[in-house]
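Below are the chains, spelled out letter by letter.
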Amino acid sequence: MKNAVIKTELLCKSFISDGEINNVIKNMDLEIYEGDFTVIMGSSGSGKSTLLYSISGMDNITTGNVLFNGLNISSLNERRISQLRKEKLGFVFQGINLIPNLTVYENILSPTYKTKADRRDIDNRIEYLLDKMELTSQKKKFPNQMSGGQKQRAAICRALINNPKILFADEPTGALNSSQGESVLNIFSDINKDGQSIVMVTHDLKAALRGNRIIYLKDGRIDGDLQLDEYNEGKISEREETVYKFLKSRGW
């Protein structure tokens, strides 16, 4: 039986716009399992990114609970939730968000500030990640000296530096061309095979194929939940057909 690393209980997230309440996530009960590559999909406005930010502690929820390994993170103050994000959670965004005046090495190092990790261990971890992402030759460069794909790989290194329990990704290939996006997805598949839990929001079918679970949202609720085998490039046509049929049946 899989361990639920994240669990929501009657999760609601609402925004007020022009004096009206917009209920984006509606009484959602959801479990995210350790070791899974979970993909969140849905049409525009379905609540995909809102859900991602709510379960990762990046945004406050309106009502309900979000449990991380049994800890109710929705009750934590900003200092404690910030510490949890730094030590236990990793984030990769479509906009990449590298710090422009820091080198690649310094960007990856930045989340380790004010942690208790040994600097020698950190340096070894950075070198390992740079090698894994084929960025060793780029470590002294600044973000504006790199391609989009290289910058996103550096952002993944930064997200992984503290050995997060879960890696969250919001449209991580959205700003990349097809070859750069494929490279990033290969990295995600590789680290998931190594045991890294991933939760990824995407609108792209090719990206969705990498998951072993696809959650489809509609109007702030779970409208479908597809379980898949581990990603196998040799069976991509069969997998694509299964996923496409699932998405089409949901109105995608």
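Procedures and definitions
Residues numbered from 1 in each chain as written. Predicted model: local features only at pLDDT ≥ 70, side-chain atom pairs only at ≥ 80, totals over all residues. Heavy atoms only, no water. Helix = DSSP H or I, 4+ residues; strand = E, 2+ residues; numbered from the N terminus. Expected span 1.5 Å × (residues − 1). Buried < 20%, exposed > 50% of the residue type's maximum accessible area, 1.4 Å probe, protein only. Arc of directions from axis to C-beta. Contact = heavy atoms within 4.5 Å. Pairing = 2+ DSSP bridges.

Looking at helix α8 (residues 236-249)
- Between its first and last C-alpha, α8 extends 20 Å over 14 residues, near the 20 Å set by a 1.5 Å rise per residue.
- For α8, the set of buried residues is Arg239, Val243, Phe246 and Leu247. Projected down its long axis, α8 carries its buried residues within an arc of 95°, all on one side. Turned more than 90 degrees away from the buried face of α8, the exposed residues are Ser237, Glu238, Lys245, Lys248 and Ser249.
- As for α8, its buried residues are in contact with β3 (37-42), α7 (205-208), β9 (213-218) and β10 (221-227).

Digging into the environment of Gly64
- Relative to the helices and strands, Gly64 is located in strand β4 (residues 63-68).
- Using a relative accessible area of 33% as the deciding quantity, one classes Gly64 as partly exposed.
- Separated by 52 residues in sequence, Gly64 and Cys12 have C-alpha atoms that sit 6.1 Å apart.
- Once residues within four sequence positions are removed from consideration, Gly64 is found in contact with Glu9, Leu10, Leu11 and Ser74.

So, unusual backbone geometry
- Located in the positive-phi region is Leu10, a residue other than glycine, with phi close to 45°.
- With respect to the secondary-structure elements, Leu10 resides in strand β1 (residues 4-17).
- Positive phi, normally seen in glycine, also occurs at Asn163, with a value near 50°.
- Here Asn163 lies in the loop between α5 (148-160) and β7 (166-170).

Things to note about the pairing of β9
- The element β9 is largely enclosed, with a buried count of five among its six residues.
- Inspection of the sheet shows β3 paired to β9 by five bridges, in the parallel sense. Following the sheet pairing, Met41 is matched in β9 by Tyr216.
- Two strands pair when backbone bridges link them, and β9 and β10 are joined in this way by six bridges, in the antiparallel orientation. Directly across from Ile214, in β10, lies its bridge partner Leu226.
- Between β9 and β10, which pair antiparallel and follow one another directly, the connecting turn spans two residues, one of which, Asp219, has a positive phi of 50°.

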